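# Tertiary structure, described
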Amino acid sequence: MKVVTIVGARPQFIKAAFVSREFLIRNTNEVIIHTGQHYDHNMSGAFFEELSIPAPKYNLSIGSGTHANQTGSMMIEIEKVLLIEKPSVVIVYGDTNSTLAGALSAAKLNIPVVHVEAGLRSYNMSMPEEVNRVLVDHISSLLLTITPSSTLNLRREGITENVTYTGDLMYDVFSEKNRDAELQTVSAHLDRLLSSIGLDTSVEFILLTLHRQEITGDVKSFLRVLNILNKLEMPCLFPIHPRTKKLYSDDLTSFNNLYFIDPLPYSEMLQMTRQCKLVITDSGGLLREAFFLGKPAIIVRSETEFPEMLDNGDYFLVYNNFEKITEIISKISFLNQSYRTDFFGDGYAHKRIVDSIVEFVSNLEKEN
Ligand code: UD1
(Lines give C-alpha, C1' and ligand atoms only; values in the text may rest on other atoms or scores of the structure.)
Protein backbone atom coordinates (compact mmCIF):
# COMPACT_ATOMS: atom_id res chain seq x y z
CA MET A 1 0.00 0.00 0.00
CA LYS A 2 1.20 3.47 -0.88
CA VAL A 3 -0.50 6.68 0.24
CA VAL A 4 -0.01 10.16 -1.09
CA THR A 5 -0.66 12.98 1.39
CA ILE A 6 -1.32 16.46 0.05
CA VAL A 7 -0.75 19.47 2.31
CA GLY A 8 -0.12 23.13 1.63
CA ALA A 9 -1.39 25.46 4.33
CA ARG A 10 -0.41 25.99 7.96
CA PRO A 11 -3.27 24.12 9.70
CA GLN A 12 -2.73 21.10 7.44
CA PHE A 13 0.84 20.65 8.64
CA ILE A 14 -0.42 20.43 12.23
CA LYS A 15 -3.13 17.93 11.25
CA ALA A 16 -0.92 15.74 9.07
CA ALA A 17 1.92 15.53 11.60
CA PHE A 18 0.67 12.68 13.80
CA VAL A 19 -0.82 10.71 10.91
CA SER A 20 2.58 10.77 9.17
CA ARG A 21 4.24 9.68 12.39
CA GLU A 22 1.80 6.78 12.66
CA PHE A 23 2.47 5.78 9.04
CA LEU A 24 6.19 5.74 9.82
CA ILE A 25 5.65 3.55 12.91
CA ARG A 26 3.64 1.10 10.79
CA ASN A 27 6.14 1.15 7.92
CA THR A 28 3.55 2.41 5.48
CA ASN A 29 4.87 4.01 2.32
CA GLU A 30 3.70 7.63 2.52
CA VAL A 31 4.65 10.20 -0.10
CA ILE A 32 4.07 13.82 0.94
CA ILE A 33 3.27 16.52 -1.58
CA HIS A 34 3.53 20.14 -0.38
CA THR A 35 1.66 22.38 -2.79
CA GLY A 36 3.54 25.47 -1.60
CA GLN A 37 0.32 27.37 -0.85
CA HIS A 38 2.04 28.62 2.31
CA TYR A 39 5.72 29.26 1.81
CA ASP A 40 7.02 31.71 4.46
CA HIS A 41 9.17 29.88 7.02
CA ASN A 42 6.87 30.83 9.92
CA MET A 43 3.81 29.60 7.96
CA SER A 44 5.35 26.34 6.75
CA GLY A 45 8.93 25.17 7.47
CA ALA A 46 8.68 26.03 11.18
CA PHE A 47 5.83 23.51 11.56
CA PHE A 48 7.69 20.75 9.71
CA GLU A 49 10.64 21.27 12.07
CA GLU A 50 8.72 21.52 15.33
CA LEU A 51 6.33 18.65 14.64
CA SER A 52 9.02 16.46 13.00
CA ILE A 53 7.03 16.01 9.81
CA PRO A 54 9.01 14.08 7.18
CA ALA A 55 10.26 16.33 4.36
CA PRO A 56 7.88 16.36 1.40
CA LYS A 57 9.11 14.32 -1.55
CA TYR A 58 7.57 16.94 -3.83
CA ASN A 59 7.33 20.68 -3.22
CA LEU A 60 5.24 22.18 -5.98
CA SER A 61 6.03 25.80 -5.00
CA ILE A 62 2.71 27.07 -6.34
CA GLY A 63 2.55 30.05 -3.96
CA SER A 64 -0.18 32.67 -3.93
CA GLY A 65 -2.68 33.65 -6.60
CA THR A 66 -6.36 34.09 -7.30
CA HIS A 67 -8.46 31.09 -6.29
CA ALA A 68 -8.73 29.66 -9.82
CA ASN A 69 -5.12 30.37 -10.64
CA GLN A 70 -3.83 28.84 -7.43
CA THR A 71 -6.13 25.80 -7.53
CA GLY A 72 -5.61 25.20 -11.27
CA SER A 73 -1.82 25.45 -11.04
CA MET A 74 -1.82 22.99 -8.17
CA MET A 75 -3.97 20.52 -10.11
CA ILE A 76 -1.65 20.54 -13.13
CA GLU A 77 1.36 19.70 -10.95
CA ILE A 78 -0.42 17.24 -8.62
CA GLU A 79 -1.67 15.23 -11.59
CA LYS A 80 1.90 14.77 -12.85
CA VAL A 81 3.01 13.45 -9.45
CA LEU A 82 0.04 11.11 -9.07
CA LEU A 83 0.74 9.62 -12.50
CA ILE A 84 4.29 8.85 -11.36
CA GLU A 85 3.50 7.65 -7.84
CA LYS A 86 0.28 5.67 -8.58
CA PRO A 87 -0.85 5.57 -4.92
CA SER A 88 -3.58 3.36 -3.47
CA VAL A 89 -5.27 6.47 -2.01
CA VAL A 90 -4.76 10.23 -1.76
CA ILE A 91 -5.25 11.86 1.65
CA VAL A 92 -6.37 15.49 1.90
CA TYR A 93 -7.01 17.58 5.02
CA GLY A 94 -9.53 20.29 5.80
CA ASP A 95 -10.86 22.85 3.39
CA THR A 96 -8.17 24.89 1.69
CA ASN A 97 -7.47 25.30 -2.01
CA SER A 98 -4.78 22.62 -1.61
CA THR A 99 -7.48 20.24 -0.33
CA LEU A 100 -9.70 20.89 -3.34
CA ALA A 101 -6.88 20.69 -5.88
CA GLY A 102 -5.62 17.41 -4.39
CA ALA A 103 -9.04 15.79 -4.23
CA LEU A 104 -10.09 16.83 -7.74
CA SER A 105 -6.81 15.72 -9.32
CA ALA A 106 -7.05 12.31 -7.64
CA ALA A 107 -10.75 11.77 -8.32
CA LYS A 108 -10.26 12.53 -12.04
CA LEU A 109 -7.60 9.81 -12.15
CA ASN A 110 -9.95 7.41 -10.33
CA ILE A 111 -7.69 7.33 -7.30
CA PRO A 112 -9.80 7.08 -4.11
CA VAL A 113 -9.76 10.24 -2.00
CA VAL A 114 -9.61 10.14 1.79
CA HIS A 115 -10.93 13.37 3.30
CA VAL A 116 -9.81 14.04 6.85
CA GLU A 117 -12.05 16.58 8.59
CA ALA A 118 -15.04 15.72 6.40
CA GLY A 119 -18.56 17.00 7.05
CA LEU A 120 -17.80 20.31 8.75
CA ARG A 121 -20.28 22.89 7.53
CA SER A 122 -20.91 26.59 8.01
CA TYR A 123 -23.73 26.56 5.41
CA ASN A 124 -22.28 29.81 4.13
CA MET A 125 -21.32 29.32 0.51
CA SER A 126 -19.70 32.75 0.28
CA MET A 127 -16.76 31.26 2.21
CA PRO A 128 -14.17 29.71 -0.13
CA GLU A 129 -13.56 27.03 2.51
CA GLU A 130 -17.24 25.96 2.48
CA VAL A 131 -17.16 25.56 -1.32
CA ASN A 132 -13.99 23.50 -1.01
CA ARG A 133 -15.22 21.18 1.71
CA VAL A 134 -18.64 20.50 0.18
CA LEU A 135 -17.08 19.63 -3.18
CA VAL A 136 -14.35 17.49 -1.63
CA ASP A 137 -16.80 15.53 0.51
CA HIS A 138 -18.88 14.67 -2.53
CA ILE A 139 -15.93 13.19 -4.46
CA SER A 140 -14.30 11.40 -1.52
CA SER A 141 -14.36 7.63 -1.07
CA LEU A 142 -13.48 7.57 2.64
CA LEU A 143 -14.74 10.36 4.88
CA LEU A 144 -13.23 10.80 8.33
CA THR A 145 -15.07 13.17 10.65
CA ILE A 146 -13.79 15.02 13.69
CA THR A 147 -17.09 15.63 15.48
CA PRO A 148 -20.31 13.57 15.61
CA SER A 149 -22.23 16.55 14.20
CA SER A 150 -20.08 16.44 11.03
CA THR A 151 -21.22 12.84 10.48
CA LEU A 152 -24.84 14.02 10.76
CA ASN A 153 -24.16 16.83 8.28
CA LEU A 154 -22.91 14.27 5.76
CA ARG A 155 -25.92 12.05 6.33
CA ARG A 156 -28.21 15.01 5.54
CA GLU A 157 -26.42 15.31 2.19
CA GLY A 158 -26.94 11.61 1.48
CA ILE A 159 -23.35 10.57 2.27
CA THR A 160 -23.55 7.55 4.55
CA GLU A 161 -21.07 5.00 3.19
CA ASN A 162 -17.46 4.84 4.35
CA VAL A 163 -17.96 7.59 6.91
CA THR A 164 -16.04 7.15 10.18
CA TYR A 165 -15.90 9.42 13.19
CA THR A 166 -12.28 9.53 14.35
CA GLY A 167 -11.98 12.61 16.58
CA ASP A 168 -9.90 15.69 15.90
CA LEU A 169 -6.21 15.59 15.06
CA MET A 170 -5.84 19.08 16.52
CA TYR A 171 -6.92 17.61 19.84
CA ASP A 172 -4.30 14.87 19.47
CA VAL A 173 -1.49 17.37 18.91
CA PHE A 174 -2.82 19.62 21.65
CA SER A 175 -2.99 16.72 24.15
CA GLU A 176 0.63 15.84 23.53
CA LYS A 177 2.03 19.36 23.43
CA ASN A 178 0.04 20.92 26.27
CA ARG A 179 2.44 19.81 28.97
CA ASP A 180 4.19 22.15 31.34
CA ALA A 181 7.61 20.74 30.59
CA GLU A 182 7.08 21.01 26.85
CA LEU A 183 5.84 24.58 27.04
CA GLN A 184 8.27 25.84 29.65
CA THR A 185 11.00 26.08 27.04
CA VAL A 186 8.94 28.52 24.99
CA SER A 187 7.77 30.62 27.95
CA ALA A 188 11.07 32.44 28.31
CA HIS A 189 11.03 33.28 24.63
CA LEU A 190 7.49 34.61 24.89
CA ASP A 191 8.42 36.76 27.88
CA ARG A 192 11.22 38.26 25.80
CA LEU A 193 8.78 38.83 22.97
CA LEU A 194 6.31 40.63 25.27
CA SER A 195 9.09 42.80 26.69
CA SER A 196 10.40 43.61 23.22
CA ILE A 197 7.03 45.05 22.19
CA GLY A 198 6.75 47.05 25.41
CA LEU A 199 4.38 44.83 27.39
CA ASP A 200 4.92 43.68 30.96
CA THR A 201 5.34 39.89 31.11
CA SER A 202 2.54 39.60 33.69
CA VAL A 203 0.11 41.67 31.61
CA GLU A 204 -3.46 40.39 31.09
CA PHE A 205 -4.05 40.37 27.35
CA ILE A 206 -6.40 39.31 24.59
CA LEU A 207 -5.06 36.99 21.89
CA LEU A 208 -6.40 38.19 18.55
CA THR A 209 -6.24 36.69 15.05
CA LEU A 210 -8.29 37.71 12.01
CA HIS A 211 -7.31 36.29 8.64
CA ARG A 212 -10.42 35.24 6.73
CA GLN A 213 -11.19 36.91 3.44
CA GLU A 214 -14.74 37.85 4.61
CA ILE A 215 -13.35 40.26 7.17
CA THR A 216 -9.82 41.19 6.14
CA GLY A 217 -10.96 41.63 2.52
CA ASP A 218 -13.38 44.40 3.48
CA VAL A 219 -11.35 47.48 4.45
CA LYS A 220 -14.23 49.21 6.22
CA SER A 221 -15.22 46.23 8.39
CA PHE A 222 -11.66 45.36 9.19
CA LEU A 223 -10.68 48.84 10.33
CA ARG A 224 -13.98 49.20 12.19
CA VAL A 225 -13.33 46.07 14.25
CA LEU A 226 -9.72 47.10 14.91
CA ASN A 227 -10.91 50.51 16.10
CA ILE A 228 -13.25 48.86 18.59
CA LEU A 229 -10.56 46.50 19.84
CA ASN A 230 -8.18 49.43 20.15
CA LYS A 231 -10.46 50.96 22.78
CA LEU A 232 -10.61 47.89 25.04
CA GLU A 233 -9.03 47.99 28.48
CA MET A 234 -6.87 44.92 27.84
CA PRO A 235 -4.17 45.07 25.15
CA CYS A 236 -4.62 42.76 22.14
CA LEU A 237 -1.72 40.68 20.89
CA PHE A 238 -2.20 40.04 17.18
CA PRO A 239 0.03 37.46 15.41
CA ILE A 240 -0.81 38.77 11.98
CA HIS A 241 -1.17 36.72 8.79
CA PRO A 242 1.26 37.90 6.06
CA ARG A 243 -1.59 38.77 3.71
CA THR A 244 -3.27 41.04 6.26
CA LYS A 245 0.06 42.64 7.07
CA LYS A 246 0.73 43.39 3.38
CA LEU A 247 -2.77 44.77 2.85
CA TYR A 248 -2.82 47.08 5.85
CA SER A 249 0.82 47.92 6.53
CA ASP A 250 0.11 51.69 6.42
CA ASP A 251 -2.85 51.52 8.81
CA LEU A 252 -1.45 49.28 11.52
CA THR A 253 0.74 51.88 13.21
CA SER A 254 -2.28 53.93 14.34
CA PHE A 255 -3.56 51.37 16.91
CA ASN A 256 -1.77 51.80 20.22
CA ASN A 257 -3.68 49.04 22.05
CA LEU A 258 -3.00 46.44 19.34
CA TYR A 259 0.40 44.73 19.30
CA PHE A 260 1.19 43.19 15.91
CA ILE A 261 3.66 40.31 15.86
CA ASP A 262 4.68 37.71 13.27
CA PRO A 263 2.84 34.35 13.18
CA LEU A 264 4.08 32.08 15.99
CA PRO A 265 5.22 28.45 15.89
CA TYR A 266 2.80 25.84 17.26
CA SER A 267 4.01 25.58 20.88
CA GLU A 268 4.46 29.32 21.27
CA MET A 269 0.93 29.94 20.02
CA LEU A 270 -0.37 27.31 22.44
CA GLN A 271 1.47 28.93 25.33
CA MET A 272 0.17 32.37 24.33
CA THR A 273 -3.34 30.91 24.38
CA ARG A 274 -2.70 29.50 27.86
CA GLN A 275 -1.47 32.89 29.05
CA CYS A 276 -4.19 35.08 27.57
CA LYS A 277 -7.49 36.01 29.23
CA LEU A 278 -9.62 35.81 26.12
CA VAL A 279 -9.35 34.83 22.46
CA ILE A 280 -10.90 36.87 19.67
CA THR A 281 -10.62 35.10 16.33
CA ASP A 282 -12.10 34.00 13.02
CA SER A 283 -9.84 30.90 12.93
CA GLY A 284 -11.28 27.43 13.46
CA GLY A 285 -7.93 26.13 14.71
CA LEU A 286 -7.26 28.77 17.35
CA LEU A 287 -10.89 28.57 18.42
CA ARG A 288 -10.52 24.85 19.11
CA GLU A 289 -7.29 25.35 21.02
CA ALA A 290 -8.95 28.04 23.18
CA PHE A 291 -11.78 25.62 23.84
CA PHE A 292 -9.44 22.77 24.79
CA LEU A 293 -7.76 25.15 27.25
CA GLY A 294 -11.05 26.36 28.75
CA LYS A 295 -10.54 29.92 27.51
CA PRO A 296 -13.50 32.07 26.51
CA ALA A 297 -13.64 33.21 22.89
CA ILE A 298 -15.38 35.74 20.72
CA ILE A 299 -15.77 34.34 17.21
CA VAL A 300 -15.74 37.12 14.62
CA ARG A 301 -18.03 35.30 12.20
CA SER A 302 -21.74 34.90 11.54
CA GLU A 303 -21.63 31.13 12.09
CA THR A 304 -19.32 28.37 13.22
CA GLU A 305 -18.62 24.80 12.13
CA PHE A 306 -18.56 23.87 15.82
CA PRO A 307 -22.07 24.53 17.16
CA GLU A 308 -21.29 22.21 20.10
CA MET A 309 -19.06 24.90 21.57
CA LEU A 310 -21.79 27.48 21.75
CA ASP A 311 -23.70 25.25 24.21
CA ASN A 312 -20.66 24.70 26.37
CA GLY A 313 -19.45 27.95 27.78
CA ASP A 314 -18.32 31.44 27.03
CA TYR A 315 -18.39 31.33 23.21
CA PHE A 316 -19.97 34.18 21.30
CA LEU A 317 -20.52 34.84 17.61
CA VAL A 318 -20.14 38.45 16.56
CA TYR A 319 -20.49 39.54 13.00
CA ASN A 320 -20.93 43.08 11.68
CA ASN A 321 -22.27 44.16 15.05
CA PHE A 322 -18.74 44.56 16.39
CA GLU A 323 -19.90 47.05 19.02
CA LYS A 324 -21.23 44.03 20.94
CA ILE A 325 -17.66 42.92 21.68
CA THR A 326 -17.28 45.42 24.53
CA GLU A 327 -20.60 44.37 26.07
CA ILE A 328 -19.73 40.66 25.81
CA ILE A 329 -16.35 41.16 27.46
CA SER A 330 -18.00 42.93 30.38
CA LYS A 331 -20.12 39.80 31.01
CA ILE A 332 -17.38 37.16 30.82
CA SER A 333 -16.38 35.82 34.23
CA PHE A 334 -12.78 35.04 33.13
CA LEU A 335 -12.65 32.02 35.38
CA ASN A 336 -10.74 29.22 33.68
CA GLN A 337 -13.37 26.69 32.69
CA SER A 338 -13.14 22.98 32.05
CA TYR A 339 -15.36 22.42 29.04
CA ARG A 340 -16.71 19.12 27.78
CA THR A 341 -14.33 18.37 24.90
CA ASP A 342 -15.10 14.69 24.33
CA PHE A 343 -16.87 15.30 21.01
CA PHE A 344 -13.40 16.12 19.63
CA GLY A 345 -12.24 12.61 20.52
CA ASP A 346 -9.74 11.23 23.00
CA GLY A 347 -6.36 12.26 21.59
CA TYR A 348 -6.01 9.14 19.41
CA ALA A 349 -7.67 10.30 16.19
CA HIS A 350 -4.41 9.67 14.30
CA LYS A 351 -4.51 5.98 15.17
CA ARG A 352 -8.16 5.65 14.12
CA ILE A 353 -7.47 7.52 10.89
CA VAL A 354 -4.62 5.20 9.95
CA ASP A 355 -6.67 2.12 10.97
CA SER A 356 -9.54 3.29 8.75
CA ILE A 357 -7.26 3.95 5.78
CA VAL A 358 -5.50 0.58 6.12
CA GLU A 359 -8.84 -1.24 6.33
CA PHE A 360 -10.25 0.72 3.40
CA VAL A 361 -7.25 -0.06 1.17
CA SER A 362 -7.23 -3.73 2.14
CA ASN A 363 -10.93 -3.99 1.23
CA LEU A 364 -10.19 -2.32 -2.11
CA GLU A 365 -7.37 -4.78 -2.76
CA LYS A 366 -9.67 -7.73 -1.99
CA GLU A 367 -12.28 -6.40 -4.44
CA ASN A 368 -9.74 -6.06 -7.28
C1 UD1 B 1 -5.67 29.62 3.63
C2 UD1 B 1 -6.99 28.86 3.56
C3 UD1 B 1 -7.75 29.03 4.87
C4 UD1 B 1 -6.90 28.66 6.07
C5 UD1 B 1 -5.62 29.47 6.02
C6 UD1 B 1 -4.71 29.12 7.16
C7 UD1 B 1 -7.93 28.73 1.29
C8 UD1 B 1 -9.02 29.17 0.41
N9 UD1 B 1 -7.84 29.33 2.49
O10 UD1 B 1 -5.97 31.00 3.70
O11 UD1 B 1 -8.88 28.19 4.86
O12 UD1 B 1 -7.59 28.94 7.25
O13 UD1 B 1 -4.93 29.22 4.77
O14 UD1 B 1 -3.74 30.10 7.38
O15 UD1 B 1 -7.18 27.86 0.93
N16 UD1 B 1 0.91 34.66 2.10
C17 UD1 B 1 2.20 34.94 2.40
N18 UD1 B 1 3.01 33.91 2.81
C19 UD1 B 1 2.56 32.63 2.90
C20 UD1 B 1 1.23 32.36 2.58
C21 UD1 B 1 0.41 33.38 2.18
O22 UD1 B 1 2.65 36.07 2.32
O23 UD1 B 1 3.35 31.76 3.30
C24 UD1 B 1 0.00 35.78 1.71
C25 UD1 B 1 -0.03 36.05 0.23
O26 UD1 B 1 -0.17 37.41 0.05
C27 UD1 B 1 -1.28 35.36 -0.22
C28 UD1 B 1 -2.18 35.52 0.98
O29 UD1 B 1 -1.31 35.43 2.10
O30 UD1 B 1 -1.83 35.89 -1.38
C31 UD1 B 1 -3.28 34.51 1.10
O32 UD1 B 1 -2.77 33.20 1.12
P33 UD1 B 1 -3.69 31.98 0.65
O34 UD1 B 1 -2.90 30.75 0.74
O35 UD1 B 1 -4.35 32.29 -0.64
O36 UD1 B 1 -4.87 31.94 1.71
P37 UD1 B 1 -4.90 32.11 3.29
O38 UD1 B 1 -5.53 33.42 3.58
O39 UD1 B 1 -3.59 31.82 3.92
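Now for a quick tour of the structure. All figures in this text were calculated on a predicted structure; none of them were measured in a lab.

Analysis parameters
- Residues numbered from 1 in each chain as written.
- Predicted model: local features only at pLDDT ≥ 70, side-chain atom pairs only at ≥ 80, totals over all residues.
- Heavy atoms only, no water.
- Buried < 20%, exposed > 50% of the residue type's maximum accessible area, 1.4 Å probe, protein only.
- Helix = DSSP H or I, 4+ residues; strand = E, 2+ residues; numbered from the N terminus.
- Pairing = 2+ DSSP bridges.
- Near = heavy atom within 4 Å.
- Polar contact = N/O pair within 3.5 Å; in protein donor to acceptor, adjacent residues only side chain to side chain.
- Areas by Shrake-Rupley, 256 points an atom, 1.4 Å probe, with all protein chains shown as cover.
- Nonpolar A, V, L, I, M, F, W, Y, C, P; charged D, E, K, R; others polar.
- Contact = heavy atoms within 4.5 Å.
- 1 Å grid on protein atoms, 1.4 Å probe; cavity = no way out; pocket = protein on both sides within 12 Å on 5 of 7 lines; lining within 4 Å.
- Points joined across faces, edges and corners; volume = space filled by probe spheres on them.
- Salt bridge = Lys/Arg side-chain N within 4 Å of Asp/Glu carboxyl O.

## Structural notes on the pairing of strand β8 (residues 206–209)
Of the two faces of β8, both are covered, the one formed by Ile206 and Leu208 as well as the one formed by Leu207 and Thr209. Here two bridges tie β8 to strand β9 (residues 236–239), and the two strands are oriented parallel to one another. For Ile206, the partnering residue across the bridge sits in β9 and is Cys236. Here β8 pairs with strand β11 (residues 278–281) via four bridges, running parallel. Along β11, the bridge assignment pairs Leu207 with Val279.

## A closer look at the site of the ligand
Surveying the vicinity of the ligand reveals 20 residues, the closest of which are His38, Glu129, His241, Arg243 and Lys246. One of the side-chain N or O atoms of His211 is found 3.0 Å from an oxygen atom in the ligand. One of the side-chain N or O atoms of Lys246 is found 2.8 Å from an oxygen atom in the ligand. Compared with its free state, where it exposes 750 Å², the ligand has 89% of that area covered by protein. Listed by contribution, the elements that provide at least two residues to the shell around the ligand are α1 (10–25), α3 (67–85) and α11 (242–248). Of the residues forming the shell around the ligand, the biggest block, three residues, is contributed by α11. Classifying every residue of the shell around the ligand by side-chain character gives five nonpolar, nine polar and six charged.

## Thoughts on the environment of Arg10
Along the chain, Arg10 turns up in helix α1. Using a relative accessible area of 23% as the deciding quantity, one classes Arg10 as partly exposed. For the pair Arg10 and Asn42, spaced 32 residues apart in sequence, the C-alpha separation works out to 9.0 Å. With sequence-adjacent residues up to four places away left out, Arg10 is seen in contact with His38, Met43, Phe47, His241 and Pro263.

## Points about the layout of surface pockets
If you add up the space inside the second largest pocket, you get close to 220 Å³. With three residues, the single largest contributor to the lining of the second largest pocket is helix α15 (residues 324–331). Each residue belonging to the lining of the second largest pocket can be placed in one class, and the counts come to six nonpolar, two polar and two charged.

## So, the pattern of salt bridges
A side chain of one charge can pair with a side chain of the opposite charge if their charged atoms are brought near each other. This model, assessed by the stated rule, comprises 26 salt bridges. For Arg26, the salt bridge is made with Asp355, and the minimal N-O distance between the two is 2.8 Å. Highlighted residues: Arg26 in the loop between α1 and β2 (29–34) and Asp355 in helix α16 (residues 349–367), separated in sequence by 329 residues. Two residues, Arg301 and Glu303, come together in a salt bridge whose shortest N-O distance is 3.4 Å. Each member of the pair, Arg301 together with Glu303, is buried. Through salt bridges with shared partners, a single network forms among Asp95, Glu130, Arg133, Arg301, Glu303 and Glu305.

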